[in-house]
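# Summary of the model geometry
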Amino acid sequence: MIRPRYEHGHSAHCESGVMSLMMRHYGLQLSEAMAFGLSGALMFAYLPFVKLGGMPLIAYRRMPRAIIKGLQKNLGITMKMQTFSRPKKGTEILDGLLAEGRIVGAQTSVFWLPYFPEEMRFHFNAHNLIVYGKEGNEYLISDPVFEAPVRCSTEDLQKARFVKGVMAPKGLLYYPAHVPEVIDYAAIIPKVIKKNARAMLKTPVPIAGIRGIRALARNIGTLGKKDLRYAKLFLGHIVRMQEEIGTGGAGFRFIYASFLQEAGRLIGSPQLAEASVMMTAVGDQWREFALMLARAIRSKKSQTIDFPALQLKLEDVAEAEADVYRTLLSKR
Amino acid sequence: MDHSQVPQHNISTYANNRKAIYATDTNGDYTLVASSGWDVEGEATRQALAELERLADAAYERVVSGEISPLSFHMYNRRMDLQVLAESTGLFKWRIRRHFRPHIFARLSEKMLALYADALGISTEELGGLPEQRSLR
C-alpha cells in the first residue's frame, strides 16, 4: 500500500496534535481543535494530594491518554496501543513498524528529549510525538508542539520512552488499526458536548470541574497564612500549568472555543457559535488571572500580596465558565 | 483572544522556538498563531528553574563541606526531587535519604551506583564527584 508522504503540522497541544496529524495522514480530515473537543477531554481538576515537583496537581484537561481513548470511543477509531517491559524490545518494535512504512505515536518524557529548549526540560512523562521515519541512528520526529520536524538519536528516544515514575510511558506506541471514512457529526457533536458540559457542571467530587476551580480559588485565599516563598511558587505553578505546557493558551479554553466554532459551522448550530464567543471571553479572563498571578509573584517582600483579590478573580472565571456550559446544555 | 494580542515577547525559555496559540482573526474566525512567548509564562518557568537552581546550589555547598553525598547534588542538578528519583530508580525514599550520608554513599556497591547513574543519565565517575561548573548536559 502506498501512503502519502507524512506532513508535519504545528499544534498547540501534544496529544490532540498527534491524533489530528495521524488521522489526517490516514485520510480523515480532523483539525486539532476537533480532535480535542470530540475526545471530550476538556476538564479542570485540582488534586492537592497528588504532588508534581512538590506542588499540587492542577489540570485543565483529563488524564493523559484521555484524548486518544475519547476519540476511539466517540468517533469509532480503533487504535493499536502497545507498551513494553524491556526497552530494547520497545525499540525493535518501533523500528519494525517504521520499516513497514507506518507513522507511530509515542509517549515520552520531556526531560530526556535533547531537542527541547534547555529551560523547558522538566520531568513530565506524558509528552506525545509522532515518529515517521529513521535515517541511520536518528529518528525523524514530528513533535506537534514544534514548528518543524526534529531528530533524535536511538539511545535518547529509548531513554525518553522508558523513564519510570508518575505517568511512566512504558514505551507506549500507538497507531490506527481502523479509521472510519464517514463520521456522523450531526449526532456525535451534540452528544459529546453535552456530556462534557455536564461533567464540568455536575461533578460529584468537589475538586473537579467548576467545583475544582472554586476549590483552587478558596485555597489561594488562604495562602496568606503560608510561607511567602511557597505561596509565590504555588502561584507560579498555576501559571505554568495553564500556559506553559502546550495548552493553546488559557488552559485549553481557546482550543475548545475554536472547536465550538468549527463544530457549530459543521452542523449549523447558532447555539455552539454563541458558546464559542463566550468561551473565548472565558479564555481571556483566565489570561487576566495569569497576569494578576505574575504581578503577585513579581512583588517585593515588603509588599503584601492581595490573595483575596486573586481568589475573587478566579471565582469570577469559574462563574463565567459555568455560564458557557449552561448555555451548551440549554434546550432551544 | 484577538490575533493581534497574541504575545510575541521572544521569551528566553523558548530558545527561539514558537508555540501555536489559538486566536480569532478580524472576522472572529479561529486561527493558529505562532507565538514567540508571553512574559508571564517565561517568568513562571524561570521562577521554577530558579527554585531548582537554589536547591542544587545549596546541595553543592553541603557536598563541598562534607555534610552530604554528591548524590543529593546530582539529583537536584537533574531537576529531580526525592520523589522523582525514588520513582526513577524504584528505591524507597528512606533508602535514598540514607545514601545522602557521605560515609554510606562511599560504601555503595558498583551495582547501586550504576542504578543511580542510569536514572540520572550520568556516568558513575561523575556521580562520585562534583562538576566544576554546573550544567544540564
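The structure under discussion appears in the preceding block.
### As for the overall build of chain A
Scanning chain A from terminus to terminus reveals eleven helices and eight strands. Looking at the 332 residues of chain A, the share that counts as buried comes to 59%. Of the contacts made within chain A by residues no fewer than 6 positions apart, 69% connect residues no fewer than 24 positions apart. About 13,600 Å² of surface is accessible on chain A, with carbon and sulfur atoms providing 55% of the total. Across chain A, the 45 positively charged side chains and the 29 negatively charged ones have centroids separated by 7 Å.

### Section: the pattern of salt bridges
Residue and element names in this part refer to chain A. Tallied over the entire structure, the rule returns 20 salt bridges over all chains. Across the pair Glu-319 and Arg-326 runs a salt bridge, and its minimum N-O distance is 3.3 Å. A relative accessible area of 39% means that Arg-326 is categorised as partly exposed. Beyond isolated ion pairs, a larger network of salt bridges with shared partners links Arg-214, Glu-319, Asp-323 and Arg-326.

### Here's the deal with the side chain of Ser35(B)
Relative to the assigned elements, Ser35(B) resides in strand S2 (residues 30-35). Those residues in contact with Ser35(B), other than ones at most four positions away along the chain, are Val6(B), Pro7(B), Gln8(B), Tyr14(B), Asn17(B), Arg18(B), Lys19(B) and Ile21(B).

### Observations concerning the packing of helix H1 (residues 39-64) of chain B against helix H2 (residues 70-77) of chain B
Residue and element names in this part refer to chain B. Interaxial distance between H1 and H2 falls to 8 Å at its minimum, and their mutual angle equals 165 degrees. Judged by the angle between their axes, H1 and H2 are roughly antiparallel. Pair H1 / H2 crosses with left-handed handedness. Here H1 contributes Leu-52, Leu-55, Ala-56, Ala-59, Tyr-60 and Val-63 to the contact with H2, which in turn contributes Pro-70, Ser-72, Phe-73, Tyr-76 and Asn-77. In terms of residue class, the contact of H1 with H2 is built from nine nonpolar, two polar and no charged.

### Focus on the nonpolar core
Membership of the largest hydrophobic core comes to 101 residues, with the highest contact counts inside it found for Leu38(A), Ile220(A), Leu235(A), Ile238(A) and Trp286(A). Among the elements that make up this core, the one with the highest residue count is helix H10 (residues 270-298) of chain A (eleven residues). Discounting residues that sit within four places of it in the chain, Leu235(A) has contacts with Ile220(A), Leu223(A), Leu293(A), Ala296(A), Ile297(A), Phe307(A) and Leu310(A). Grouped together as the second largest cluster of nonpolar side chains are 48 residues, Tyr175(A), Met75(B), Leu108(B) and Leu120(B) included.

Conventions and cut-offs
- Residues numbered from 1 in each chain as written.
- Chains lettered and ligands numbered in written order.
- Predicted model: local features only at pLDDT ≥ 70, side-chain atom pairs only at ≥ 80, totals over all residues.
- Heavy atoms only, no water.
- Helix = DSSP H or I, 4+ residues; strand = E, 2+ residues; numbered from the N terminus.
- Buried < 20%, exposed > 50% of the residue type's maximum accessible area, 1.4 Å probe, protein only.
- Contact = heavy atoms within 4.5 Å.
- Areas by Shrake-Rupley, 256 points an atom, 1.4 Å probe, with all protein chains shown as cover.
- Lys, Arg positive; Asp, Glu negative; His and termini not counted.
- Charge placed at Lys NZ, Arg CZ, Asp CG, Glu CD.
- Salt bridge = Lys/Arg side-chain N within 4 Å of Asp/Glu carboxyl O.
- Axes fitted to C-alpha atoms, helices over the stretch in contact; angles between N-to-C directions.
- Parallel < 35°, antiparallel > 145°, perpendicular 65-115°, else oblique.
- Left-handed = near helix turned anticlockwise from the far one by under 90°.
- Nonpolar A, V, L, I, M, F, W, Y, C, P; charged D, E, K, R; others polar.
- Core = buried A, V, L, I, M, F, W, Y, C linked by side-chain atoms within 4.5 Å.

Fair warning: the whole summary comes from geometry, so function is off the table for now.
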